[in-house]
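A closer look at the structure
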Amino acid sequence: MNNLKLPADDQSCGWYETLPPQPASLTLEGTQQSDWLVIGGGFVGTAATRRLAELNPHQKVTLIDAQRIGHGTSGRNSGFVIDLPHKGDLEGPDIERKKKFITLNRAAIQYLEERVQQHGIDCQWSHAGKLQGAVSERGVKFLEHFQSLLKELDEPFEMLDRQALRPRVGTGYYQQALFTPGCTLMQPAALMRGMLAHMPANVTCYEETPVLKLERRNGRWIASTRHGEIQAAKVILGTNIFTEQLGYLKSRMLPIMTFASMTRPLSAAEFAAYGGGDDWGLTPADHAGTTLRMTQDRRLIVRNQYRFVPRYGSTAQQRQQIQAMHRQALIARYPMLKDLPFDYTWGGVCALSRNYTSFFGELEDGLFASCCHNGVGAARGTISGKLLAEMASGGDSQLQRFMQEVSGMPARLPPQPFLGVGVRARLKYAEWVSRSEV
Ligand SMILES: Cc1cc2nc3c(=O)[nH]c(=O)nc-3n(C[C@H](O)[C@H](O)[C@H](O)COP(=O)(O)OP(=O)(O)OC[C@H]3O[C@@H](n4cnc5c(N)ncnc54)[C@H](O)[C@@H]3O)c2cc1C
């Protein structure tokens, strides 16, 4: 219990730090009883909590997080809620499987959009779509492949050349970009805080209260914290990589951190010099490349670099070095903004699996989990959290079956030190072959 690795994200996430100050959180003291307990308040946990409360209006639902909601990875990502299957999910010959991903992802977008509209959540929610940009010939080949997969799926897209792209993104750095219209953009920390602020009345949320131990006693689940415990009939884990710290899915998820930097808002003169539009997002044609966002309030965000983080964290020195790399990427694209400072640089830990498989289902009697969304959990995490709540409440639906069919068991990982050596070598290799796209 003492050696448990707990969430301790850096305090420099621009999405979170630019929100208005949060009122003090409710932390857990003493022993509490609950019908339902959800541990972890990211995409999975907030969607699961809300759905449990809707389906069981006369029961008590408790959500608990080690940090403030919105401070974990779900509040520190690049804010793309992607409708199409991503990376490994898009490869392979099974068209029907890919269509299931699309149906699930679009159900997630619809679910989030309904909440955003219903409660007026101010989170830069936007139907901006997604650009995927290629810098070099290597990137163009990826886009051509992506285009052929989209044709097979009969999904709409638009290919833009350098001239067509420039007025949108203010740079001629990219040879080509492929635009797909179904992706939604948002401010992730604002979305997470908004989800929390509008929970049904039968939800209690404890923040800054890490669960140190989870065990089953006399037919009840007991979650122990520093100053108390919660006893519940059923538990949902939305703890992603930290699930193994609670004793489940051990040695099956790779802790990989990626990093982002955010500028201050561009002044009117800087925006004119930049010459592009606002409110767009571009992901790299090659995975190891750079993600870019221009927010609605005219901040530029750069994301790249992956690190294997067995302790789930990064140091201030590492983030400083990474900020210098982000600066290079920014200046290469926008030399006219070379004096524009980054106000924030942060990291976030994701769970990846060797076989590109997520877990969704029951781990033990009354204990459910959804995790390991391989770095793209905004859509999958949300819909899986909602469906897990329905499953745990005894429901059944076609979407739930789709989720079960596309999920599985993340493959077991080799032990340390072989794991660390292998993963670091692989990340270095990917960085080297993709260097033209960074
Ligand atoms: C820089 C960056 C950019 C990204 N960009 C995108 C993107 O654009 N689109 C996309 O889809 N995905 C993106 N991702 C990945 C995405 O953010 C994750 O897949 C997603 O956040 C996973 O959601 P989750 O709910 O499963 O877990 P998490 O967001 O990790 O939430 C887990 C929660 O559990 C809590 N917790 C853990 N252990 C305990 C404990 N013992 N007690 C109490 N609470 C606990 C944590 O504090 C945390 O809040 C990005 C990630 C990063 C880092």
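For the structure, see preceding data.
Report on the accompanying structure. All of these numbers come straight from a predicted model, not from anything done at the bench.

All right, on to the layout of surface pockets then. Quantified by volume, the second largest pocket comes out at close to 350 Å³. L19, P20, D122, Q187 and A190 are the residues nearest the centre of the second largest pocket, which is lined by 20 residues in total. Residue contributions to the lining of the second largest pocket peak at 4 residues, all from helix α6 (residues 188-197). Classifying every residue of the lining of the second largest pocket by side-chain character gives 9 nonpolar, 7 polar and 4 charged.

Read from one edge to the other, the open sheet built from 8 strands follows the order β5-β6-β4-β13-β14-β15-β12-β16, with strand pairing classed as mixed. The open sheet is flanked by β5 (158-161) and β16 (342-352), the only strands paired with a single partner. Across the sheet, the axes of successive neighbouring strands diverge by a mean angle of 25°, strand direction being ignored. With 5 bridges joining them, strand β4 (residues 130-134) and strand β6 (residues 176-180) adopt antiparallel strand pairing. In the sheet register, Q132 faces β6, and the bridge partner there is L178. Seen against the sheet, helix α8 (residues 316-333) touches β12 (254-263), β14 (291-294), β15 (300-308) and β16 and runs at an angle of roughly 135° to β15. The sheet contacts of helix α11 (residues 418-433) involve β12 and β15, and relative to β15 the element is tilted by about 140°.

Turning to the environment of A47, a few remarks are in order. Position of A47 among the secondary structure elements: in helix α2 (residues 43-55). Each C-alpha atom of the pair A47 and M192 lies 9.8 Å from the other, and the pair is 145 residues apart in sequence. Leaving out residues up to four positions away in the same chain, A47 has contacts with Y111, T382, G385 and K386.

With respect to the helices and strands, H71 occurs in the loop between β2 (61-64) and β3 (80-81). Note on H71: relative accessible area 6%, which makes it buried. A polar contact of 3.4 Å, which involves the side chain of H71, links it to the side chain of Q67. Among all residues touching H71, those that are not within four sequence positions of it are D9, D10, Q11, Y16, E17 and R76.

Reading guide: rules and limits
- Residues numbered from 1 in each chain as written.
- Predicted model: local features only at pLDDT ≥ 70, side-chain atom pairs only at ≥ 80, totals over all residues.
- Heavy atoms only, no water.
- 1 Å grid on protein atoms, 1.4 Å probe; cavity = no way out; pocket = protein on both sides within 12 Å on 5 of 7 lines; lining within 4 Å.
- Points joined across faces, edges and corners; volume = space filled by probe spheres on them.
- Helix = DSSP H or I, 4+ residues; strand = E, 2+ residues; numbered from the N terminus.
- Nonpolar A, V, L, I, M, F, W, Y, C, P; charged D, E, K, R; others polar.
- Pairing = 2+ DSSP bridges.
- Axes fitted to C-alpha atoms, helices over the stretch in contact; angles between N-to-C directions.
- Contact = heavy atoms within 4.5 Å.
- Buried < 20%, exposed > 50% of the residue type's maximum accessible area, 1.4 Å probe, protein only.
- Polar contact = N/O pair within 3.5 Å; in protein donor to acceptor, adjacent residues only side chain to side chain.

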